Structure formats: structure tokens, C-alpha cells
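This is what each chain is made of:
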Amino acid sequence: MQIEKVYEPQRFEPRWAQWWVDKGFFTADAASTKPVFSIAIPPPNVTGNLHMGHMLEHTLIDVAARYHRMCGYNTLWLPGMDHAGIATQMVVEREMAKQGLSKYDLGREKFVERVWEWKEKYGGNILRQMREVGASVDWTRSRFTLDEGLSKAVREVFCGLNERGLLYRGEYLVNWCPRCETAVSDLEVEHEDIQGTLWHIRYPLKDSGEFLTVATTRPETMLGDTAVAVHPKDARYLHLHGRTVVLPLMGREIPIIADEMADPEFGTGVVKITPAHDPNDFEAGKRHDLPRIKVIDEHALMTPEAGRFAGLDRYEARKQVVAELESMGLLAGTAPHAMAISKCERCGTVIEPMLSTQWFVRMKPLADRAAAAVREGRIDVQPENWRRTLLHWLDGIHDWCVSRQLWWGHRIPAWHCGDCGEITISRTAPETCSKCGSSNLAQDNDVLDTWFSSGLWPFSTLGWPDGTKDLETFYPTSLMIMGYEILFLWCARMTMLGLEFAGDVPFRKVYIHGIVRDAQKRKMSKTRGNTVDPLDITIKYGTDAVRMALLTSAAPGSDIVWTEDKLPSSQAFANKIWNASRFLFLNIERAGFEPQIPEPAKSEAIEDRWIWSRLNKAADSVNRAIQQYRYHEAAQTMWHFLWNDFCDWYIELKKRRFQDGSGLDENWRNILNVFERALRLLHPSMPFITEELWQRLSPGEGASITVAAFPQYDANLDDPEAEDEMRRLQEVLIAARQIRSEENVPRKITMTFGLAGPAPFTSAVQRNREAILRLDNVEFDLVENSEPAFSLTRPATENGSAPVPSARMEKEIEQLEKNISNSKRQLGDDKFLSRAPAHIVDNIKTKLAEYESRLESLRR
């Protein structure tokens, strides 16, 4: 019965986090006959640490998992990690560089061994952090994308794509990161707007004193030009079709081609064509059968094809090219030019469009099936706007470059014959060439894109391609919760590959949440230095408080603007529950019985009937909110019920009934039952404090709230009459409290008001005189009339009584109405909202709520 005066979550959170795991409460049973709820974690990088984005996502998933577990579902939340090819290799190479070593010093086999050693020693820190914050995952089923079972699935899918005619290899233009030395996906490229320069360069026509002037933002690439293009219908250049120009600095003759990619309205209407270094030029080159001259290599250095500029860094080459053009009189001018540059998402290096031989997957057939599954409702994507976005992307999909020039990852299961050049794709290493029989075979050097193995995650983690019991029981998974930034990288690819290889959608429902931004609404990143370590925050405020702050802010379709200002109120909420518990336990001790969860008792007391009805409505609201992914509403509902209904009203009304120490009577039976059910309703949102307090009610050895039944709506508990009567009492008392506050009358002094109103008001007050006196030290002289609402009269004074509202209150009402109008005008001004700092907007919203609450009180 002893409960500490101060709420100190750090004392009990680690204990419960470990106890839940030790007791196996989170371990799913593939042989169970219960209904199934399964969800796979978006696998964090093996290099990662917990950040606020993870904390939000894991909290949302944890709410869903704990809720379904309490509702009697055979619940699997499957954890694991992604090997994160580029990121992990970059980390290890950086560590080796401190020792003066490169991966080439070790060779491929030794380098991969070094990465595995790093992974075992340092990798997976995020999983340890997840344990600390109590994520209710099934740790017995934790997976890693380079596990043997998952590697088997990767080989099976790669070979399966080849057998279906969906895999090909060829030389195409890709996004190349010179720092990471690998191709990267369009989806792994970040775009940054900058103020660049547009250089206007004269290209001399052959055998003529004329020039064609082209404009470019990358003059160094002109060394690889193989044509210039004009629009077929541009009258200015019809006479030049089929002619040639002399490429400046290189002296090479290149043709003038007619192609619609040249916009007559832009610049001079003439564009240079560099098929090896621009995606649009690459396509034009294919249409006109132009050669591809590669003048920038994989290290962003100029190639021998760049002539005397060979070996220069691309930006140094740009300076020298521009200088020589100017000295030759071929630089027609320059102009500032707003443009977007592409950067590697991992290292921030400017991407180089690169002609490279890569492996590709034909996506259109896969995407068509995935889009059909979404349109037919076999996958429900929420919020609706992300469903439309996903479909739009699937409808316009491009082929997927799946090869990466790395050493860490799933090595492509293809073997090249050194004698005849044939490529053999196989699930296992072949001994001889499938074409010529030679044993001179070498495995492809590339590895697969990290998202290739992640795309198999919902079924590879359950044992596919083997027909396991886990796969039979838990696939398709029930729900996927993820951020919108990986909708295409991951969600779309899981959908396509799940349908093609596992025979069904990978999940029935997808909920897309927003991201956590800083106070200036910027995306959090290590580069900006604006990340927040949630473990630092949980140590200071408690994990439950951090979860509650995130949940109450996590409205569907919205990003969260994070500031630490959100934490004190959540911590205060936890304190409120703690102190209410302390009051109960101290009075239980005084009443002389042990803490317990007794059977509820039938009660005619207004406060009992009212609280059961309010609790029942809260249960209905929380169940519906979680089922509809409105996790913020579930959290807010329990916040208001426990703080306002239970603590501020119900406990206060009950205090007078606990004065005589009457033992386990109907008052105790009701308040303990209501409190215990409220803890269960709150548990998915705040698991630690609810377990701690629930255990103190002595539920029995080995029992846990995490597997206790989740309260459901019960129509028999609805009591509209009690709620209506209590509402009337609350309105009268709130008005009386307001007057006491304005008149600065201490609570110890009894105030007697005149109350005139219809029978429902006066009758309710009459029935509850004792409670009102105990609660607020207030008496009423009652007068019944036929007015639709009550009126309150101030206590008698030397000058008589003053009715409410008074002239002063009417003046305040007028001012409040002006304040509300001004606040709403500001919040409705899109221009103001786009410029104002987040904390200013939040402050206006808070003030508006205060104004409206005060106005409502004064009008009553």
C-alpha cells in the first residue's frame, strides 16, 4: 500500500520493460486459434540510433499492438534491422580511414568480415534502445536482412524475376554518387534549390562564319556532346537540319538534329545533347542513334575522353573550360539561374548522372497488380490523400535499378563466364557455364539495393520461401505503420513483391503518419544538428510522458512540430494519476482492507452512475479511435476522462464518503473498479505507469495489465439521466467558483448564492446539497421558475445582492469576443501561417481556446 510521494518513472520503467520480456507476454504463438493481429516493424538501419521519428512510429505501432493483445488477439509485432548497405559500408570505411586503410587494402572478403565484426560489436544499438522504452515486440523473432533465411528469399526473388522476364542488364544512365561510388535510386536522391549560372556558348557552324548559341548550367559536360538539337518546327533553324557544328575545345564535328525536346521558347531554342551525362539527352541519343561519350568517371574526375582536361575534378574542369571559351571569344555571356541540384541522401555529395552497366527490374507489370489491389480495397491506405499519391506513382512508375557498387549486402546471384561471356543466374553457385560448359566463372561484383531485401520483409521474416507455420498464421500482416517518406521506397515495393511472390498483399491496411519536425518546422537531421535524442527526454520526463506528448500531437495527415514545451503538461498528467492513486491507497490503508480489484456494486449515488456512464463513453471512443488510426483522439479521450472526470470531479465527490473508514463498501467497490478499468484503457498509450499502479491493486501473481482485457462499450452502462444531472451540477458549481475567485473569497468561508431556474437545476442541487457543500463550501437558496436556464445571484451584501452576469462581466464578454475574432482572423490567414514561427501559432491557438472557455463560463 506504500506509494511514493513523488512520481519517479525512472525507478520502475526499466523493471517493467525487462519483466514483460522475461514473462513472454509479447511472444506470439503460431499454433494459437485466437484471431491474429500481425505487424512488422519498418526495419531501422543497423547503424541507427533511436530518434524522435522512431519514437513516434514505435509508439503508434506499440499502441496498436498492445490494444489488440488486450483485445484477445494472437499478436505479433515482429522486430528486426536492415543491413543498410551504403550507410554501413560508409561508417566502416570511415573508421578504417582513421587507421590509414581503405577497403582495397583488405580486399572484398576481408572487408566484409570487418563489417560483420563491426555489426556484432556496434550494430543494433537501436534494438537495445527499443527494449529500454518498452516496445512490445516479439524479441524471439527478431530478424536481420542478411540472415541466412532472408538471404535465401532474396536469391529466390532475384531468380524468380529473371524467370518471369522481369529482369535485365544493360548500360543506362543512373544517379551516381562519387563519394559512395555506387548507383543510387531516384528515391534516394534529395533535391536542393540553389542559385546557379547559365553559360551561353557559341558553337561554330562548319564551313560558315555563323554560330549556334546554346545555354548550359554544366559547361564541363560539353566535352561529351554528340549533337545539338532544334525543334523540328522552329522556322529559324529549318535550313540547318542535317548540318553540323564544330564542338568548341574538342574540334569534333557533331550533327544538328531536329527533336521536340528543344523548346523554341527557351533561350535560343538550341540545346546541346550529351547522352552520357543527362537523362533527357540519353533518351534523345537513343532516338537519333547518337554515340555516348563519357567524360566524367565514377570518382567525378574527367576521363581521357575529355582530352587535355583529363584527370581534373569536374568543378575544376568547369572553371578551365569556361576560361578557355572566354579566351577564344566563344562565351556569349552568363546569367544567374535558379536551379535544383541532386544530392546523395546518405552523404550529401552532388549526384552525377552516369552511364553505367546495371541490373534493372521491369516494374510496369508488378505495379499494375499493386495498383489494382489498392483500387479494389484489398489494401486500405490511410489517410486517403496518400492512397491517391501511391496510385499516381504506381501508374507512372519507371524501371528499378537494383544493383549497387558496394561490397556489403546481398551479392547478385549471377556468374559471368570468362570464356564466352554468358551470364548464369542461379540460386546456388554453378560449377560450369550454362552455355559453353566452362568452369571459368566469376560472381557479379555488385550487390542488390538495400530496398530489394526490405521489399520482401513482411514474408521473408516469416520464413518464405519455405512453407512455415509462421507464414501460414501471420501472413498477410494486418497493418503497416510508416512515415510518408518511404511510401515509394518501401510500401510500394513490398506491395508489388508480396503479390508476385507470396501470392497475396503483404498487409491489409497501411497507415501513413507524419514526421517529427523541429520548432522551425524543419525536418530533423544530423547534418542540421537539430535532432533530439528521445532517451535523454525519457530520462528527464519519463517514457509515458514522451509517448503522451507525441500521441496527442499525432493527428492523421499532420507533421508534428516538436518542442520540449510539450513535455511538462504530459508529465503533469502522469503526476495527476499518480497522486490520485496515492490518495486512494492511503485511504484504503485507513479503511483497513488490502488493495484489490473487487466486483463493482450497484449504486444509486449520482457520482457513481455518472462516472460509469462517462467511463463507458470513453471506452467506446478509445476503441473506435484506435481502430480508425486516430491515436491522438484515444490519448486525448483518456487524458480528459482521468484528469477532469475522475480526478477533478469523481474523487472530489467521493472524498466525503471515505471519512468514516467504512471498509470495502459500495463506494470503494465502484471507485476501484472505475480506476482499474481506466488504467486498462490508458495502458496502450502509457504502459509503464498503468502497469505499476495496476500491480499495486494486487491482481495476482504473474498477471499483467498488458494481457488484461481491454474495456469495451456496454450499452447497459449508459446513463444519460445521470450525465445530464451531473452536467447541471457542474455548470452551477463552475459559475459559483468563478464568483468566489473574482471576489477573492477564501474557500474556508461558506458562500450562499441565490439559484433560480427550472426544476432540473434546482432538483439536482437539492439532491446533492451535501456533496456541493463538501466540494466547494457553497450553499444555495433555491427558487424554481420556468426560465430555460439557471441564474445565479451573488451572496447578499450591505447593498443587496447582485445578479450574474454583472456589468463588469458583460464588459469582459465584449472584450473576449473581440479577442476571439482577432485570433480566428490570424489563424485563417494562410500568409501569416506560412511565415509565423510554430511557437507563435501554437500560442495563438492556446489563447483562443482559453478565450472561448472563459467566454462560455461567463455566458453561463
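Thresholds, definitions, all that
- Residues numbered from 1 in each chain as written.
- Predicted model: local features only at pLDDT ≥ 70, side-chain atom pairs only at ≥ 80, totals over all residues.
- Heavy atoms only, no water.
- Pairing = 2+ DSSP bridges.
- Helix = DSSP H or I, 4+ residues; strand = E, 2+ residues; numbered from the N terminus.
- Axes fitted to C-alpha atoms, helices over the stretch in contact; angles between N-to-C directions.
- Contact = heavy atoms within 4.5 Å.
- Buried < 20%, exposed > 50% of the residue type's maximum accessible area, 1.4 Å probe, protein only.
- Parallel < 35°, antiparallel > 145°, perpendicular 65-115°, else oblique.
- Nonpolar A, V, L, I, M, F, W, Y, C, P; charged D, E, K, R; others polar.
- 1 Å grid on protein atoms, 1.4 Å probe; cavity = no way out; pocket = protein on both sides within 12 Å on 5 of 7 lines; lining within 4 Å.
- Points joined across faces, edges and corners; volume = space filled by probe spheres on them.
- Core = buried A, V, L, I, M, F, W, Y, C linked by side-chain atoms within 4.5 Å.

**Student:** How should the sheet that holds strand E15 (residues 380-382) be read in this particular structure?
**Tutor:** Note on sheets: strands pair through backbone hydrogen bonds, and any given pair is parallel or antiparallel. Here three strands make up an open sheet; going across it, the order is E15-E23-E22 and the pairing parallel. Because the sheet does not close on itself, it has two edges, and the strands there are E15 and strand E22 (477-483). Averaged over neighbouring strand pairs, the angle between their axes works out to 15° when direction is ignored. With six bridges connecting them, E22 and strand E23 (residues 507-513) associate as parallel partners. Within the sheet, the bridge partner assigned to Gly483 lies in E23 and is His513. Packing against the sheet, helix H15 (residues 487-502) makes contact with E22 and E23, and its axis sits at approximately 165° to E22.

**Student:** Honestly, the pairing of strand E11 (residues 252-258) in this entry has me stumped. Any pointers?
**Tutor:** Remark: a regular strand shows side chains that alternate across the two faces of the sheet. Relative to E11, strand E9 (residues 227-230) runs parallel, the two being bridged by three bridges. When the bridges of E11 are listed, Val230 appears paired with Ala258. Across four bridges, the pairing between strand E10 (residues 244-247) and E11 is antiparallel. Paired with Val245 across the bridge in E11 is Ile254.

**Student:** What exactly am I supposed to notice about unusual backbone geometry here?
**Tutor:** In this chain, Trp464 is followed by Pro465 through a cis amide linkage whose omega measures 15°. By the secondary structure assignment, Pro465 is in the loop between helix H13 (457-460) and helix H14 (469-474). At Asp207, a residue that is not glycine, the phi angle is positive and equals roughly 55°. Along the chain, Asp207 falls in the loop between strand E7 (189-204) and strand E8 (211-216). One non-glycine residue with positive phi stands out, namely Tyr629, at about 65°. Here Tyr629 is to be found in the loop between helix H19 (606-627) and helix H20 (631-655).

**Student:** I keep staring at the environment of Leu782 and nothing clicks. Help me out?
**Tutor:** Tracing the backbone through its elements, the reader meets Leu782 in strand E27 (residues 778-784). Expressed as a C-alpha distance, the spacing of Leu782 and Gly754, which sit 28 residues apart in the sequence, is 6.2 Å. Every residue in contact with Leu782, bar those within four places of it in the chain, is listed here: Leu755, Thr762, Val765, Gln766 and Arg769.

**Student:** Can you walk me through the environment of Ser151 in this structure?
**Tutor:** In this fold, Ser151 is placed in helix H7 (residues 148-163). On the basis of relative accessibility, which here comes to 9%, the residue Ser151 falls in the buried class. If sequence neighbours within four positions are ignored, Ser151 has contacts with Thr145, Leu146 and His410.

**Student:** How should the packing of helix H1 (residues 9-22) against helix H22 (residues 687-696) be read in this particular structure?
**Tutor:** How two helices sit against one another is set out by the angle between their axes and by the gap between those axes. One can describe the packing of H1 onto H22 by two numbers: an axis separation of 10 Å at closest approach and a directional angle of 85°. The angle between H1 and H22 falls in the class roughly perpendicular. Counting all contacts with H1, which are made through Phe12, Glu13, Arg15, Trp16, Ala17, Trp19 and Trp20, the residues of H22 involved are Pro687, Phe688, Ile689, Glu691, Glu692 and Gln695. Residues belonging to the contact of H1 with H22 are distributed by class as follows: eight nonpolar, one polar and four charged.

**Student:** Looking at this structure, I do not really get empty space enclosed by the protein. What am I missing?
**Tutor:** Applying the stated criterion across every chain yields a total of eight cavities of 30 Å³ or more. The space that makes up the largest cavity amounts to roughly 50 Å³. Together, Met55, His58, Thr59, Asp62, Val133, Ala135, Thr543 and Arg547 line the largest cavity. When residues of the lining of the largest cavity are traced back to their parent elements, those giving at least two are helix H2 (52-70) and helix H17 (543-553). Of all the elements, H2 adds the most residues to the lining of the largest cavity, at four residues.

**Student:** What exactly am I supposed to notice about the sheet that holds E7 here?
**Tutor:** With respect to topology, three strands assemble into an open sheet ordered E8-E7-E13, the strand pairing being antiparallel. Only two strands of the sheet have a single partner each, and these edge strands are E8 and strand E13 (331-344). Mean inter-strand twist for the sheet, computed between neighbouring axes without regard to direction, equals 20°. Examined bridge by bridge, E7 and E13 share 13 bridges and lie antiparallel to one another. Bridge pairing in E13 links Trp199 to Thr334.

**Student:** What am I meant to see in the nonpolar core here?
**Tutor:** A general feature of soluble globular proteins is that nonpolar side chains tend to end up buried together. In this structure, Met496, Tyr631, Phe641, Phe646 and Phe780 are the most contacted members of the largest nonpolar core, which totals 196 residues. With 13 residues, the top contributor of residues to this core is H20. Phe641 has contacts with Ile611, Arg614, Leu615, Ala618, Phe646, Val674 and Ala678, leaving out every residue within four places of it along the chain. Formed by 31 residues, the second largest nonpolar core is a distinct cluster that contains Tyr203, Val214, Leu240 and Leu330.

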